[in-house]
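# Tertiary structure, described
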Amino acid sequence: MSILVTGGAGYIGSHMVLSLLEHGHNVIVLDNLSNASSESLRRVEQMSGRQVILVKGDIRDRPLLDNLFSAHDISDVLHFAGLKAVGQSVEHPLRYFDNNVSGTLTLCQAMEAAGIRRLVFSSSATVYGEVATMPIHEALPTGSPTNPYGRSKLIVEEVLQDLAKADARWSIALLRYFNPVGAHESGLIGEDPNDIPNNLVPFVSQVAVGRRDVLYVFGDDYATPDGTGVRDYIHVSDLVEGHLCAMQAIARQSGVNIWNLGTGQGYSVFEIVNAFEAASGREVPYRIAPRREGDIAECWADPAKAERELGWTAKRRLDVMMQDTWRWQVNNPEGYSPA
Ligand code: NAD
Ligand code: UD1
């Protein structure tokens, strides 16, 4: 049996593929390489000493999916493929709904036709919208995401819930990630943003390595201890371990299960800057800028449900998250593409 990883050449997907291979699974990756390089998988093969089948293609391509499912004996689908740039989703909502929502519909239709009904979906804490009190637990109703990217995640969650309601043979995990950061401890694979990074940690990391001059801190007047935004940063390797646990859990039970994947601990922008400076030994110059539209003051998880039901907790602390990010950045200043 094999596991299909959509978006497996990307940031989180490549770490997942490595871990699956190390656990003895056979892995097939379906990725259109719209936001990734096949170099990530070449390195994964080198690190694991095992081979990955990379199918270069799109989750919206139904004939390709049908061929893939008939050519391979697939037990589970881990579905990471999607577009994730919030600002871009505001400019190009149709592109986002087509890729993320239609793509997932096509994938599920092909899975259904092939009789494969085990799916792990990469969702996001963004589906909670603006929450008044922290921490956020899964029983809270979903909110109103402030952008098309977030809405595409919420729509897919709702579609998958309806699907499992209609047919009890489906086993689906909706994993709501908080803020994934870090890189594999080897420094060989990591996050390789295409353009100017939107997210804090890749931006800080590029400032520290000298690719950017200064970090703009989006607001220092929030009602948080130091005035800057607070988030729940989680090491990508912990996130991957959460997926392994979720896969085992949904093999035992059908229906939809929702789990937060976060640490339960929030850190402010200034705390991230300080931790990164300590990890890198470099200064991270910053300027205070206006708040970013759509940002919330704070967001962190209650991870108790995942601990109780999956036996999973995030283990890696902030210093390790920053050290691993730095090791990847220093070893690969231009990401996967050589300068
Ligand atoms: P990423 O962009 O590095 O990986 C996504 C991968 O999917 C890329 O390799 C891309 O080429 C591929 N892809 C995109 N559209 C595709 C399509 N139509 N067909 C085939 N392949 C396609 O992003 P990531 O950070 O690894 O995120 C993985 C998943 O987790 C995404 O669904 C994302 O929305 C979700 N997520 C990410 C974060 C985060 O902060 N990184 C947070 C919450 C949720
Ligand atoms: C963002 C997305 C969210 C997505 C998540 C993971 C927005 C509004 N939200 O969340 O939908 O699920 O990424 O991909 O984009 N910050 C700075 N300067 C920067 C970058 C960020 O000060 O250059 C601050 C932000 O204001 C925030 C914190 O750092 O307080 C974290 O930001 P970021 O890494 O972008 O994550 P989120 O805002 O949580």
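Residues numbered from 1 in each chain as written. Chains lettered and ligands numbered in written order. Predicted model: local features only at pLDDT ≥ 70, side-chain atom pairs only at ≥ 80, totals over all residues. Heavy atoms only, no water.

Let us now look at the overall build of the protein. A count of helices and strands for the protein gives eleven helices and 14 strands. On C-alpha atoms alone, the protein measures out to a radius of gyration of 19 Å, which is about the 20 Å that the 2.2 N^0.38 rule sets for 339 residues. The buried share of the protein, reckoned over its 339 residues, is 54%. Of the contacts made within the protein by residues no fewer than 6 positions apart, 80% connect residues no fewer than 24 positions apart. As displayed, the protein has an accessible area near 14600 Å², and 47% of this comes from carbon and sulfur atoms. For the protein, the distance from the average position of its 29 positive side-chain charges to the average position of its 41 negative side-chain charges is 3 Å. (Helix = DSSP H or I, 4+ residues; strand = E, 2+ residues; numbered from the N terminus. Rg over C-alpha atoms; globule rule 2.2 N^0.38 Å. Buried < 20%, exposed > 50% of the residue type's maximum accessible area, 1.4 Å probe, protein only. Contact = heavy atoms within 4.5 Å. Areas by Shrake-Rupley, 256 points an atom, 1.4 Å probe, with all protein chains shown as cover. Lys, Arg positive; Asp, Glu negative; His and termini not counted. Charge placed at Lys NZ, Arg CZ, Asp CG, Glu CD.)

Strands sit in the order E12-E9-E14 across an open sheet of three strands; the sheet is mixed. Only two strands of the sheet have a single partner each, and these edge strands are strand E12 (267-268) and strand E14 (298-299). Pairing between strand E9 (residues 230-231) and E14: two bridges, direction parallel. Note on E14: the bridge partner recorded for Arg231 is Cys299. (Pairing = 2+ DSSP bridges.)

Right, let's talk about the packing of aromatic side chains for a bit. The full count for this structure, using the stated rule, is three aromatic pairs. Aromatic side chains Phe270 and Tyr286 sit 5.2 Å apart centroid to centroid with 45° between the ring planes, which places their arrangement in the tilted category. In this pair, Phe270 is assigned in helix H9 (residues 269-280) and Tyr286 in strand E13 (residues 286-289), connecting sequence segments 16 residues apart. On the accessibility criterion, Phe270 (19% relative accessible area) is buried. With a centroid separation of 5.8 Å and 90° between ring planes, the pair formed by Phe276 and Trp326 is classed as edge-to-face. Here Trp326 lies in helix H11 (residues 318-331) and Phe276 lies in helix H9, a separation of 50 residues in the sequence. With relative accessibility at 11%, the residue Trp326 sits in the buried group. A cation over an aromatic ring shows up here: Arg176 above the ring of Tyr128, its NZ or CZ 4.8 Å from the ring centre. The ring of Tyr222 is capped by Arg291, whose NZ or CZ atom sits 4.0 Å from the centre of that ring. (Phe/Tyr/Trp six-rings, centres within 6.5 Å; stacked < 30°, edge-to-face > 60°. Lys NZ or Arg CZ within 6 Å of the ring centre and 35° of its normal.)

Once that is clear, we can look at the pattern of salt bridges. As enumerated under the stated definition, the model contains 20 salt bridges in all. Its salt-bridge partner being Glu39, residue Arg43 comes within 2.8 Å of it at the nearest N-O pair. Taken as a pair, Arg43 and Glu39 lie in helix H2 (residues 39-48) at a separation of four residues, close to a single helical turn. Pair check on accessibility: Arg43 and Glu39 agree, each one buried. In this structure, Glu241 and Lys315 form a salt bridge, with 3.7 Å as the shortest nitrogen-oxygen distance. Here Glu241 is found in helix H8 (residues 236-252), whereas its partner Lys315 is found in the loop between helix H10 (304-310) and H11, with 74 residues between them in sequence. The exposure class of Lys315 is exposed, given its relative accessible area of 59%. (Salt bridge = Lys/Arg side-chain N within 4 Å of Asp/Glu carboxyl O.)

Another point: the site of ligand 1. Around ligand 1 lies a shell of 27 residues, among which Ile12, Asp31, Asn35, Lys84 and Tyr149 are the nearest. Between ligand 1 and the protein, one listed contact pairs an oxygen atom with a side-chain N or O atom of Asp31 at 2.6 Å. Between Ile59 and ligand 1, the recorded distance is 3.1 Å, taken from a backbone N or O atom to a nitrogen atom. Considering ligand 1 on its own, with 820 Å² of exposed area, one finds that the protein chains cover 96% of that surface. (Near = heavy atom within 4 Å. Polar contact = N/O pair within 3.5 Å; in protein donor to acceptor, adjacent residues only side chain to side chain.)

Here we take up the packing of helix H3 (residues 62-71) against helix H5 (residues 93-114). For the pair H3 and H5, the least separation of the axes is 9 Å and the interaxial angle reads 35°. Handedness of the crossing formed by H3 with H5: right-handed. On H5, the residues touching Arg62, Leu65, Asp66 and Phe69 of H3 are Thr106, Leu107, Gln109, Ala110, Met111, Ala113 and Ala114. Split into classes, the residues belonging to the contact of H3 with H5 amount to seven nonpolar, two polar and two charged. (Axes fitted to C-alpha atoms, helices over the stretch in contact; angles between N-to-C directions. Left-handed = near helix turned anticlockwise from the far one by under 90°. Nonpolar A, V, L, I, M, F, W, Y, C, P; charged D, E, K, R; others polar.)

Where helix H1 (residues 11-22) meets H8, the closest approach of the two axes is 9 Å, and the angle between their N-to-C directions is 60°. Taken together, H1 and H8 sit at an angle that is classed as oblique. Considering how the two elements wind past one another, H1 and H8 form a crossing that is right-handed. Judged by residue contacts, Tyr11, Ile12, His15, Met16, Ser19 and Leu20 of H1 engage Val236, Leu239, Val240, His243, Leu244 and Met247 from H8. (Parallel < 35°, antiparallel > 145°, perpendicular 65-115°, else oblique.)

Purely spatial values, then, with no claim about function.
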